[in-house]
Amino acid sequence: MGRMSILVSPELCIGCRGCQTACKEWNQLSGVKTENRGSTENPPDLTPNTFNKIRYVELPSETNMVRWLFVSQRCMHCGDAGCMKICPAPGALFRTDEGAVAFDKDKCVGCKLCVTSCPFNVPRYDEKNKISKCHLCAERIANRLEPACTKTCPTGALRFGERDALLGLAQKAGYAKVYGQADLEGLGAMYAFMDAPKIYGMNENPAIPESVVFWDNVLRPLAYLGLAGAVAASLVHYVAFGPKKIEEGKKDE
Ligand code: SF4
Ligand code: SF4
Ligand code: SF4
């Protein structure tokens, strides 16, 4: 089996959110209390119990009163994954044979560094301070089952398969751009777009922060050699939390 991926086609999505429900069902994730915010888009963002959600984009249209775009938000399973680059806990984040970026909660140390290094703001943390995100249904696909969300989608807006085959499908269908084809060494969740990515609320040029690349390429090997452990830890702390702030009331002490 080659690298497996999901192809998202917002133009085919009807916003039924069956994919959100199927993910919760399969992963036994509890519901999130929602509120009426003027549309049925809910919750407003990913949560530790919401691995995927549909973003509703409302645009003016000349032919209809309004043009709706429904865009699936989820982990992109980046070929070059910022979360894996920064993670200091061996085995907490790992790549499966099928190309998914999965995680092991028992090995996660709850440092939240992956949050600062993800170009798509994906990782969340559960009540035990452990990483929580889409894992591309790693156990299902290892057993040759497709992910719960793609299996449920009634319109073909979410399709699962070998990455090269999905790319061919999107190109044959004449989509102007396949978002994620080459970004970050290829995303494991690709998007067939008719317009510019920003119309769909997507980052035009996703990139891993330079400080994270420097940590992975230079400081981590040095730290392993025991020569720069303290310096590297200070830098990582600075990247995550910024410069130390003086607490109110302690300025004059
Ligand atoms: S989208 Fe974020 S969490 Fe998912 S693989 Fe990429 S860097 Fe990691
Ligand atoms: S691939 Fe699996 S874990 Fe990821 S959003 Fe779909 S159902 Fe949820
Ligand atoms: S199941 Fe398919 S059609 Fe329904 S919201 Fe999800 S992606 Fe859209």
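One structure accompanies this document, and this report is about it. Predicted model only: the values in this text are computed from it and were never measured.

Digging into helix α7 (residues 210-224)
Think of an α-helix as turning once every 3.6 residues; residues three or four places apart then point the same way. Its 15 residues give α7 an end-to-end C-alpha distance of 20 Å, which sits within 8% of 21 Å, the value for a rise of 1.5 Å per residue. Within α7, the axis deviates most sharply at D216, by approximately 40 degrees. When α7 is considered as a whole, its buried residues turn out to be V212, W215, L219 and R220.

Thoughts on the site of ligand 3
Close contacts around ligand 3 come from 13 residues, with C13, C16, R17, C19 and C153 the closest. Here the shell around ligand 3 is built from residues that sort into 9 nonpolar, 3 polar and 1 charged.

Some remarks on the side chain of R55
The residue R55 is located in strand β2 (residues 53-60) in this model. Buried and unpaired, R55 has no salt bridge, with E41 as the nearest side chain of opposite charge at 5.9 Å. One polar contact links the side chain of R55 to the main-chain carbonyl oxygen of Y200, over a distance of 2.8 Å. A polar contact of 3.5 Å, which involves the side chain of R55, links it to the backbone oxygen of G201. Contact partners of R55, with chain neighbours within four places excluded, come to E41, L69, F70, V71, Q73, Y200, G201 and M202.

Brief notes about the site of ligand 1
Among the 13 residues in the neighbourhood of ligand 1, the closest are listed as C75, M76, C78, C83 and C118. In the shell around ligand 1, the residues fall into 10 nonpolar, 2 polar and 1 charged.

Rules of the game
- Residues numbered from 1 in each chain as written.
- Chains lettered and ligands numbered in written order.
- Predicted model: local features only at pLDDT ≥ 70, side-chain atom pairs only at ≥ 80, totals over all residues.
- Heavy atoms only, no water.
- Helix = DSSP H or I, 4+ residues; strand = E, 2+ residues; numbered from the N terminus.
- Expected span 1.5 Å × (residues − 1).
- Bend = angle between axes of the 7 residues up to and from the residue.
- Buried < 20%, exposed > 50% of the residue type's maximum accessible area, 1.4 Å probe, protein only.
- Near = heavy atom within 4 Å.
- Nonpolar A, V, L, I, M, F, W, Y, C, P; charged D, E, K, R; others polar.
- Lys, Arg positive; Asp, Glu negative; His and termini not counted.
- Salt bridge = Lys/Arg side-chain N within 4 Å of Asp/Glu carboxyl O.
- Polar contact = N/O pair within 3.5 Å; in protein donor to acceptor, adjacent residues only side chain to side chain.
- Contact = heavy atoms within 4.5 Å.

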